[in-house]
Structures are given as C-alpha cells and as structure tokens.
Amino acid sequence: MASIPDPKADHVLVTGVSGDIGSRLARHFIERGHRVMGMDVAKEGPKSLRGNDHFHFLSLDLTDAAATAKAIDSFVASHGAVRILVNNVGLIFNAPVLSLVDGKMVGHDAASWDKVLAVSLSAAFYVTTPCVRHMAQAGGGVIINISSISANGNPGQSAYSAAKGGINSMTIAQAKELGPMGIRVAAIAPGFIDTSSTQKAMGDDALKKLKRVIPLRRLGTVDELAHAAQFIVENGYFTGTVLELDGGLSV
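Below is a short write-up of the structure. Computed from a predicted model, the values in this text were never measured in an experiment.

Some words on the sheet that holds strand β4 (residues 82–87)
Link 1 in the chain: The sheet built from 7 strands is open, its strands ordered β3-β2-β1-β4-β7-β8-β9 with parallel pairing. The open sheet has two edge strands with one neighbour each: β3 (55–59) and β9 (242–245). Taking each pair of neighbouring strands and ignoring which way they run, the sheet shows an average axis angle of 20°.
Link 2 in the chain: Bridge count between strand β7 (residues 141–146) and strand β8 (residues 183–190): 6 bridges; the pairing is parallel. In the strand pairing of β8, N145 is matched with A187.
Link 3 in the chain: Sheet strands in contact with helix α1 (residues 20–31) are β1 (11–15), β2 (35–40), β3 and β4, and its direction is about 170° off that of β1.
Link 4 in the chain: This element, helix α3 (residues 110–138), spans β1, β4, β7 and β8 of the sheet and lies at about 160° to β4.

Topic: the nonpolar core
Link 1 in the chain: Core analysis: the largest hydrophobic core is formed by 27 residues, its most contacted members being F29, V36, V86, I144 and I188.
Link 2 in the chain: The set of elements that each furnish at least two residues to this core consists of β1, α1, β4, β7, β8 and α6 (222–234).
Link 3 in the chain: At 7 residues, the largest contribution of residues to this core is made by α6.
Link 4 in the chain: V89, V119, I183 and V185 belong to the second-largest nonpolar core, a separate cluster that totals 23 residues.

Thoughts on α6
Link 1 in the chain: The end-to-end C-alpha distance of α6 is 18 Å, a good match for the 18 Å that 13 residues give at a rise of 1.5 Å each.
Link 2 in the chain: Those residues of α6 that are buried lie in contact with α1, β4, β7, β8 and β9.

Quick look at the side chain of K164
Link 1 in the chain: Mapping K164 onto the fold places it in helix α4 (residues 158–178).
Link 2 in the chain: An unpaired buried charge is present at K164: no salt bridge exists, and D40, the closest side chain of opposite charge, is 13 Å distant.
Link 3 in the chain: Side-chain polar atoms of K164 contact the backbone oxygen of I146, separated by 2.8 Å.

About the thresholds
Residues numbered from 1 in each chain as written. Predicted model: local features only at pLDDT ≥ 70, side-chain atom pairs only at ≥ 80, totals over all residues. Heavy atoms only, no water. Pairing = 2+ DSSP bridges. Helix = DSSP H or I, 4+ residues; strand = E, 2+ residues; numbered from the N terminus. Axes fitted to C-alpha atoms, helices over the stretch in contact; angles between N-to-C directions. Contact = heavy atoms within 4.5 Å. Core = buried A, V, L, I, M, F, W, Y, C linked by side-chain atoms within 4.5 Å. Buried < 20%, exposed > 50% of the residue type's maximum accessible area, 1.4 Å probe, protein only. Expected span 1.5 Å × (residues − 1). Lys, Arg positive; Asp, Glu negative; His and termini not counted. Salt bridge = Lys/Arg side-chain N within 4 Å of Asp/Glu carboxyl O. Polar contact = N/O pair within 3.5 Å; in protein donor to acceptor, adjacent residues only side chain to side chain.

Just distances and angles here, no functional claims.
And the structure:
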C-alpha cells in the first residue's frame, strides 16, 4: 500500500515558496501540522511565514544541482526525511519562435530557452533526485509536480510549454519507477490562477476576455490549488496522473 505521510512526523519541501502559489502551499501544510522547508532564489521567504517556528527557509539557486543536493541532505540530517515534495518553482516566459524586429525576422533567444528549461524542468529533477533517496530509506513519500495546461502547447510559449510537457512526462516515468518503493508521484496542471503575477501579466481587459472562455467564468484560487495538493497527499492510490485544475478551460 502506498505511504500516506503523517503530519505529526513528516516534513514538506516546497520550492518556489516566495510566490503566491508557493507561499499558500507552504501555509496550507503548516496549518495541517507539518514542518515546511521552503526553497527559493529570492533572498527572503514570504512575509506571511517569517518567524513561524514550523517554517524553515533557504535561499538557493535550484538550477545548481550540486548545491541543491547538499542543501537537502543537510536539512534531512538535521530535521529528518522530507516525505512530501512540492516542485512548484517555475519561470513563465512568453516569446514567439519568430519575431519581426526592425524589419528583420529574429528567432527565439537560445539563452532564454535554456533558462526557462533550467528553472521550470531541470530544477524539479535536481530537487527530486536527493529527496527520493531519503524517501526510499524512510519508507515512502509523495511528490507533487506543479505543471500547467501550457503543457498542451501554448502559442508564444515554446520554452514554457516544452518545460511543462517535460514535467508531465517525468511525473509519469517516475511514478512507474518509484511506486514499488512506496513513493507516489503526481502533478497538478493549473489553468489561470488568481495571483498577483497573473494580474500583472494580463491586465483587466485580457482577464475579462479570458473569463468568458472559461466554463466556470472565473480564475482559480490558490486555496483550490492547495486543496488539490491535499487530495493527492491523502489519497494513497493516486499516482502517475496529471490532475488538470483549470475550470474546464481545456475541455
């Protein structure tokens, strides 16, 4: 039977914890009795969790595989195994494959491609690798990868779509591989979630148009995303699946 983490004994690792989604996920698990380690390239953790005895923050570049593994091993040695991992870190990036600039056709920037793939795909692998070693030794665990409906292919988001498509494939591959060790791996593919970054990126007019094509006629909330994560944690038979949370947009 797949392991269901015990909130009284198990630690949670949330990456990309300084953003709206990451901070809400961290708070969600703290409210349920877990101790949470948050990792982010930001210099400080979310204001709402500073000073919380159940929250430990580490500023770290998660695209550095060696530094990431060292940090996780150090945390486990001091606090105990991470039994729930939420790979939330990502970098949304918009750029067409071809652009017309000063009358010339310009291709997608290679450096931007590399950065988006590093942050939105490779970082999840770098965090997962050391975590699963400790999970296996501890008797199991749960990995939740935050994907996106962009994994289906979004015009103007070649790099981001490719990264999230990779997250989905990695989720399925690792679920098959790690299941016999008692480690479940699943993903959540959010649609448009009501965050400050969404509001800033789209603006009022674009958001109004978007809501009209979402069957539920609204954006999702960070609370609903946290509840989806909780479902995955609590359901011991759920693994190898990408859970779409988009208000019906992809239907």
